[in-house]
Amino acid sequence: FSDLLYKHNFSEIIQRASKIFVSHSQITRLYSRFHSLDKGENGALSREDFQRIPELAINPLGDRIINAFFPEGEDQVNFRGFMRTLAHFRPVEDNEKNKDPSAGEPLNSRNNKLLFAFRLYDLDRDDKISRDELLQVLEKVDVEQKMSIRFLH
């Protein structure tokens with residue numbers, strides 16, 4: 001594992017990641033998880049790697065969440081892209097008003113979280129959520145709820 005970290009220039013990764021995540025241990029855990037998901041052992045994750053995550057496989061929005069990791073036209077994501085997307089899921093920092101104004105808005109700010117969530121629903125990327133796009137999500141969630149109710153009885 002340490003050879004792999006060296007191979008991917010972990011010190012540079014730590015430096016860049018510290019702007020997104022708080023602690024060295026968080027970054028190390030993420031890198032370990034990234035490596036365990038990388039079945040091709042090529043330093044990048046494919047959509048298939050994400051589809052093997054049980055929580056995403058059963059999530060009605062799993063495909064949309066997976067797509068959020070991949071820039072348009074890309075079929076793999078490296079560790080840096082993996083971290084950037086996951087940063088949206090971090091809790092909103094209470095001290096946003098004390099941040100350095102030249103640093104830019106953090107990925108886990110309220111505005112960036114809302115924009116990220118909006119993009120999960122805006123499938124055609126036209127900066128609007130159409131009625132059809134909303135219905136697609138509601139149908140998936142409704143099917144999931146119906147399945148859950150059936151299993152309870």
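Model, not experiment: these values are computed from the prediction.

Conventions and cut-offs
- Residues numbered from 1 in each chain as written.
- Predicted model: local features only at pLDDT ≥ 70, side-chain atom pairs only at ≥ 80, totals over all residues.
- Heavy atoms only, no water.
- Helix = DSSP H or I, 4+ residues; strand = E, 2+ residues; numbered from the N terminus.
- Buried < 20%, exposed > 50% of the residue type's maximum accessible area, 1.4 Å probe, protein only.
- Areas by Shrake-Rupley, 256 points an atom, 1.4 Å probe, with all protein chains shown as cover.
- Axes fitted to C-alpha atoms, helices over the stretch in contact; angles between N-to-C directions.
- Parallel < 35°, antiparallel > 145°, perpendicular 65-115°, else oblique.
- Left-handed = near helix turned anticlockwise from the far one by under 90°.
- Contact = heavy atoms within 4.5 Å.
- Core = buried A, V, L, I, M, F, W, Y, C linked by side-chain atoms within 4.5 Å.
- pLDDT = per-residue confidence, 0-100.
- Expected span 1.5 Å × (residues − 1).
- Arc of directions from axis to C-beta.
- UniProt positions renumbered as here; feature names shortened; annotations may be inferred.
- Salt bridge = Lys/Arg side-chain N within 4 Å of Asp/Glu carboxyl O.
- Polar contact = N/O pair within 3.5 Å; in protein donor to acceptor, adjacent residues only side chain to side chain.

(A) Seen up close, the overall build of the protein chain. Looking only at helices and strands, the protein chain has nine helices and two strands in total. Mapped from its N terminus to its C terminus, the protein chain presents α and β elements in the order α-α-α-β-α-α-α-β-α-α-α. Here the protein chain, with 153 residues, has 31% of them falling under the buried criterion. As displayed, the protein chain has an accessible area near 10700 Å², and 52% of this comes from carbon and sulfur atoms.

(B) Fine view of the packing of helix 3 (residues 24-37) against helix 7 (residues 79-87). Here helix 3 crosses helix 7 at 120 degrees, and the two axes come no closer than 11 Å. As summarised for this structure, helix 3 and helix 7 are arranged oblique, according to the angle between their axes. At the point where helix 3 passes helix 7, the crossing takes the right-handed sense. Contact residues: helix 3 offers I27, L30, Y31, F34 and L37, while helix 7 offers F79, F82, M83 and L86.

(C) Region of the structure containing the nonpolar core. In this structure, L45, F50, L56, F69, F70, F79 and F82 are the most contacted members of the largest nonpolar core, which totals 16 residues. With four residues, helix 3 is the single largest residue contributor to this core. Excluding residues within four positions of it along the chain, L45 makes contact with F34, L37, D38, F50, F70, D75, Q76, V77 and F82.

(D) Summary view of the confidence of the model for the protein chain. Per-residue pLDDT for the protein chain has a mean of 76; in total, 70% of the residues score no lower than 70. Residue range residues 1-7 is modelled with pLDDT below 50. Its contacts to residues more than four positions away, or to other chains, number seven contacts.

(E) Fine view of helix 8 (residues 110-121). Compared with the 16 Å implied by 1.5 Å per residue over 12 residues, the 17 Å span of helix 8 between its first and last C-alpha is a close match. If you check which residues of helix 8 are buried, you get N112, F116 and L120. Projected down its long axis, helix 8 carries its buried residues within an arc of 85 degrees, all on one side. In helix 8, the exposed positions that point more than 90 degrees away from the buried face belong to R110 and L114. Of the surrounding elements, those touching the buried residues of helix 8 are helix 6 (62-68) and helix 7.

(F) View of the UniProt feature "domain: EF-hand" (unreviewed entry) in the protein chain. The sites that UniProt annotates as "domain: EF-hand" (unreviewed entry) are residues 25-60 and 109-144. The span residues 25-60 is 64% helix and 6% strand, and its two end C-alpha atoms sit 31 Å from each other.

(G) Main features of the pattern of salt bridges. Following the criterion strictly, the structure yields two salt bridges and no others. Among the salt bridges present, the one from R52 reaches D49, with a minimum N-O distance of 2.5 Å. Across the pair R125 and E72 runs a salt bridge, and its minimum N-O distance is 3.9 Å. With a gap of 53 residues between them, R125 in the loop between helix 8 and helix 9 (131-152) and E72 in the loop between helix 6 and strand 2 (76-77) connect regions that are remote in the sequence.

(H) Just helix 7, in detail. Among the residues of helix 7, F79, F82, M83, T85 and A87 are the ones counted as buried. Where helix 7 begins, one side-chain oxygen reaches toward the backbone nitrogen of R80, 3.2 Å away; that side chain belongs to N78.

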